[in-house]
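Topology and contacts: notes
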Amino acid sequence: FQRIVLASRPKAEVQPENFRLETVDMPVIKDGELLVRNQYLSLDPYMRGRMSESKSYAASQAIDDTMIGGTVGEVVESKNPKFAVGDMVVGTLGWAEMAVSDGSMLRRVDTKQIPASAYLGAVGMPGMTAWYGLNHIMTPKAGETVVVSAASGAVGSVVGQLAKLKGCRVVGIAGGAEKCAYVVDELGFDACVDYKAGNLEADLAAATPDGIDAIFENVGGKVFDAALARTNAFGRIALCGWIAGYNGEATPIDNFRLILINRLTVRGFIVSEQPELWPQGLGELGALVAEGKLKFRESVAEGLASAPEAFIGLLKGRNFGKQLVKLI
Ligand code: NDP
């Protein structure tokens, strides 16, 4: 079967040469282990941090090791009494068509009401990020104005829909007219500002006539700066990501002093910091997806070999919704 390893560390932008596709022998499983055929691989911005040596919230990964990544797939062989052949499992089995696991970090999932791929998006780590950041950090009340950047993406799309269910006025920020139209027309946000249209400050002011009470920040840099400028007193900021700077770009902020003037609460967070909340969060997200109340969109690249280009595209905003790789 095939797998992709980290061949070298990127200097700035990720290049195809930073990855290497390898063919490896089919593994023989031992007692207690199981063999999984991965159906979908999740591509996520955090992988950029793992490729570098510099300190991030997650340890960097070793050269020549299989690239880290979330997966959903089917158990095809089992010597572990907790899993049977045919079970669908979610885990972190990496950029590989097959993987051996001892089962300890695998979760069995029901794919009858929820499609398997959703367990890597709205009912997986990205959805959980949205749920946790919204409910435990932003804590918005009905009627408040909430802004979320990278609004059409895996995390942002869930943030906005959950905030709408809470009765907030929800404004997205996204790159391009097509993404903005989707966010408003399909996801039901009240407005969406296209930061690539060239009038970010004025367009955001028009979309937030009562100012901004809470920001869910995924992008950083100019996008965050524009939202900071619109904050109301005692606003809350859930600082989730800074994708505008993941390749080492400078992302200066002019409006920092507004944190003082508006007495803002800024809280960075990592989705894994309160693992005890995951069962509740994933349960609520799963129910919303099954009932059709939480919508999502996917960009699906075909075949493991397409993963590097799809990942490079994700860091440039070429994805439209959750970026996946379909492996079989
Ligand atoms: P998305 O599906 O939102 O895809 C990334 C999007 O980011 C792109 O589609 C693009 O949207 C936008 N983007 C990419 N590059 C830039 C850039 N240079 N400037 C501005 N926007 C850019 O990804 P996710 O939903 O998976 O992740 C969203 C954010 O959440 C990321 O910052 C990620 O690191 C963070 N995150 C944090 C977690 C945590 O625990 N703190 C957990 C999971 C995710 P557009 O075209 O609209 O610009």
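These numbers were taken from a predicted model, which means no experiment stands behind them. (Residues numbered from 1 in each chain as written. Predicted model: local features only at pLDDT ≥ 70, side-chain atom pairs only at ≥ 80, totals over all residues.)

**Re the pairing of strand β3 (residues 34–42)**
Burial within β3 is extensive, with eight of its nine residues counted as buried. Sheet analysis places β3 next to strand β4 (residues 71–78), joined by seven bridges and oriented antiparallel. When the sheet's bridge partners are listed, Asn 38 is paired in β4 with Gly 73. As defined by bridge partners, β3 adjoins strand β6 (residues 98–101) across four bridges and the pair is classed as antiparallel. Paired with Val 36 across the strands is Ala 99, a residue of β6. Both β3 and strand β15 (residues 322–326) contribute to a ladder of three bridges, which runs antiparallel. Its bridge partner being in β15, Ser 42 is matched across the sheet by Leu 324. (Buried ≥ 20, exposed ≤ 12 C-beta atoms within 10 Å, placed from the backbone. Helix = DSSP H or I, 4+ residues; strand = E, 2+ residues; numbered from the N terminus. Pairing = 2+ DSSP bridges.)

**Digging into helix α4 (residues 177–185)**
Listed in full, the buried residues belonging to α4 are Lys 179, Cys 180, Tyr 182 and Val 183. End-on, the buried residues of α4 take up no more than an arc of 160 degrees, which puts them together on one face. For α4, the exposed residues set more than 90 degrees away from the buried face come down to Ala 177, Glu 178 and Asp 185. (Arc of directions from axis to C-beta.)

**Some points on the packing of helix α5 (residues 200–207) against helix α6 (residues 221–228)**
Axis separation between α5 and α6 bottoms out at 10 Å; the angle between their running directions is 40 degrees. Looking at the two axes, α5 sits oblique to α6. In this structure, the crossing between α5 and α6 has a hand that is right-handed. For the pair formed by α5 and α6, the contact residues are Leu 200, Glu 201 and Leu 204 on the first element and Lys 222, Ala 226 and Ala 227 on the second. (Axes fitted to C-alpha atoms, helices over the stretch in contact; angles between N-to-C directions. Parallel < 35°, antiparallel > 145°, perpendicular 65-115°, else oblique. Left-handed = near helix turned anticlockwise from the far one by under 90°. Contact = placed C-beta atoms within 7 Å.)

**Re the pairing of strand β8 (residues 145–149)**
For β8, a buried count of five out of five residues is recorded, marking the element as mostly surrounded by other parts of the structure. Because side chains alternate across β8, one face comprises the buried residues Thr 145, Val 147 and Ser 149, and the other comprises Val 146 and Val 148, equally buried. By the bridge criterion, five bridges tie β8 to strand β9 (residues 169–174) in an arrangement that is parallel. When the sheet's bridge partners are listed, Ser 149 is paired in β9 with Ile 173. Of the crossover connections in this fold, the one passing from β8 over helix α3 (residues 154–165) to the parallel β9 is right-handed. When β8 meets strand β11 (residues 212–217), the two strands line up parallel, connected through three bridges. Following the sheet pairing, Val 146 is matched in β11 by Ala 214. (Right-handed = clockwise from strand over helix to strand, strands pointing away.)

**Quick look at the sheet that holds strand β12 (residues 231–239)**
Spatial strand order, β10-β9-β8-β11-β12-β13: six strands in an open sheet with parallel pairing. The sheet is open, and its two edges are formed by β10 (191–194) and β13 (265–268), each paired on a single side. This sheet shows a mean twist of 15 degrees between the axes of neighbouring strands, independent of strand direction. Its contacts with the sheet put α6 on β8, β9, β11 and β12, and the angle it makes with β11 is roughly 165 degrees.

**Here's the deal with the nonpolar core**
As a rule of thumb, soluble globular proteins bury nonpolar side chains together. Membership of the largest hydrophobic core comes to 90 residues, with the highest contact counts inside it found for Val 146, Val 159, Phe 216, Ala 227, Ala 307 and Val 325. When residues of this core are sorted by domain, at least three fall in each of domain 1 (2–121 + 297–326) and domain 2 (125–272). If sequence neighbours within four positions are ignored, Val 146 has contacts with Met 138, Pro 140, Ala 163, Cys 168, Val 170, Asp 213, Ala 214 and Phe 216. (Core = buried A, V, L, I, M, F, W, Y, C linked by C-beta atoms within 7 Å. Domains from an automatic or database assignment.)

**Describing the site of the ligand**
Around the ligand there are 30 residues in total, and Gly 153, Val 155, Gly 175, Gly 241 and Gly 317 lie nearest to it. Where the shell around the ligand is concerned, the elements lending two or more residues are α2 (125–138) and α3. Per-element tally for the shell around the ligand: the top contributor is α3, with three residues. For the shell around the ligand, a count of residues per class yields 17 nonpolar, nine polar and four charged. Looking at which domains feed residues into the shell around the ligand, each of domain 1 (2–121 + 297–326) and domain 2 (125–272) gives three or more. (Near = placed C-beta within 6 Å. Nonpolar A, V, L, I, M, F, W, Y, C, P; charged D, E, K, R; others polar.)

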